[in-house]
Amino acid sequence: MQQTIDVGHYARILDARRAELTTRLARIETDLDQPRNADDDDRAIERNNDEVLESLGGAGQKELVAIEAALERIAHGTYGDCAKCGEPIAKERLDAVPHAALCADCASA
């Protein structure tokens, strides 16, 4: 049986998450652009903090790309279909990961 998903619901979730990530990534970029402290001990701490911020920024960028791709799938009418096998992605998976491009079977393969 073909499942029915509320694409508009997921579009709103994806748009909200995109806005949240865009704001967060802008703050990370601003923090990374701040002048560094002249004190050696403080610079070491700042360097560690920068590594964490860069890691968070990288993860945020990857999620943002996945969200943009999901919004494209919505626009093209293919949202909710696995990009690999073409089978429907379970609603529970979309609820957990709205930008999922693969069904659980293909994602775990």
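Refer to the structure printed above.
Since we're looking at a predicted model, the values are computed, not measured.

Peer 1: Can you explain helix 1 (residues 7–32)? Please cite residues and give values.
Peer 2: Compared with an ideal rise of 1.5 Å per residue, which puts 26 residues at 38 Å, helix 1 spans 37 Å between its outermost C-alpha atoms and is within 8% of the ideal. Tyr-10, Ala-11, Leu-14, Leu-21, Leu-25 and Ile-28 are the residues of helix 1 that are buried. The distance from a side-chain oxygen at the start of helix 1 to the backbone nitrogen of Gly-8 is 3.2 Å, and the residue carrying that oxygen is Asp-6.

Peer 1: I'd like to hear about the packing of aromatic side chains, residue by residue, with values.
Peer 2: Within the structure shown, the criterion is met by one aromatic pair. Seen from their ring centres, Tyr-10 and Tyr-79 are 5.7 Å apart, and the 40° between their planes marks the pair as tilted. Remark: Tyr-79 occurs in the loop between helix 2 (40–76) and helix 3 (91–96) and Tyr-10 occurs in helix 1; sequence separation between them is 69 residues. Of the two residues, Tyr-10 and Tyr-79, neither departs from the other in class, the shared state being buried.

Peer 1: Break down the nonpolar core for me, citing the residues and quoting the values.
Peer 2: Core analysis: the biggest nonpolar cluster contains 18 residues, and Leu-14, Tyr-79 and Leu-94 have the highest contact counts within it. The set of elements that each furnish at least two residues to this core consists of helix 1 and helix 2. Setting aside chain neighbours within four positions, we find Leu-14 in contact with Ile-67, Ala-70, Leu-71, Ile-74, Tyr-79, Pro-98 and His-99.

Peer 1: Mind laying out the pattern of salt bridges, listing which residues take part and the relevant values?
Peer 2: Taken as a whole and judged by the stated rule, the model has six salt bridges. Between Asp-15 and Arg-18 there is a salt bridge, with the nearest N and O atoms lying 2.7 Å from each other. Within this pair, Asp-15 and its partner Arg-18 are both found in helix 1, separated by three residues, close to a single helical turn. Across the pair Arg-18 and Glu-68 runs a salt bridge whose closest N-O atoms are separated by 3.2 Å. Placement of the pair is Arg-18 in helix 1 and Glu-68 in helix 2, with a sequence separation of 50 residues. For Glu-68, a relative accessible area of 34% corresponds to the partly exposed category. Taken together, the shared-partner salt bridges in this structure form one network comprising Arg-17, Glu-20, Arg-24 and Glu-63.

Peer 1: Any chance you could break down the side chain of Arg-73 for me, citing the residues and the numbers?
Peer 2: With respect to the helices, strands and loops of the structure, Arg-73 is situated in helix 2. One buried charge, Arg-73, has no salt-bridge partner; the nearest side chain with opposite charge is Asp-81, at 8.7 Å. If we ignore the near neighbours within four places in the chain, the residues touching Arg-73 are Thr-78, Tyr-79, His-99, Ala-100 and Ala-101.

Conventions adopted
- Residues numbered from 1 in each chain as written.
- Predicted model: local features only at pLDDT ≥ 70, side-chain atom pairs only at ≥ 80, totals over all residues.
- Heavy atoms only, no water.
- Helix = DSSP H or I, 4+ residues; strand = E, 2+ residues; numbered from the N terminus.
- Expected span 1.5 Å × (residues − 1).
- Buried < 20%, exposed > 50% of the residue type's maximum accessible area, 1.4 Å probe, protein only.
- Polar contact = N/O pair within 3.5 Å; in protein donor to acceptor, adjacent residues only side chain to side chain.
- Phe/Tyr/Trp six-rings, centres within 6.5 Å; stacked < 30°, edge-to-face > 60°.
- Core = buried A, V, L, I, M, F, W, Y, C linked by side-chain atoms within 4.5 Å.
- Contact = heavy atoms within 4.5 Å.
- Salt bridge = Lys/Arg side-chain N within 4 Å of Asp/Glu carboxyl O.
- Lys, Arg positive; Asp, Glu negative; His and termini not counted.

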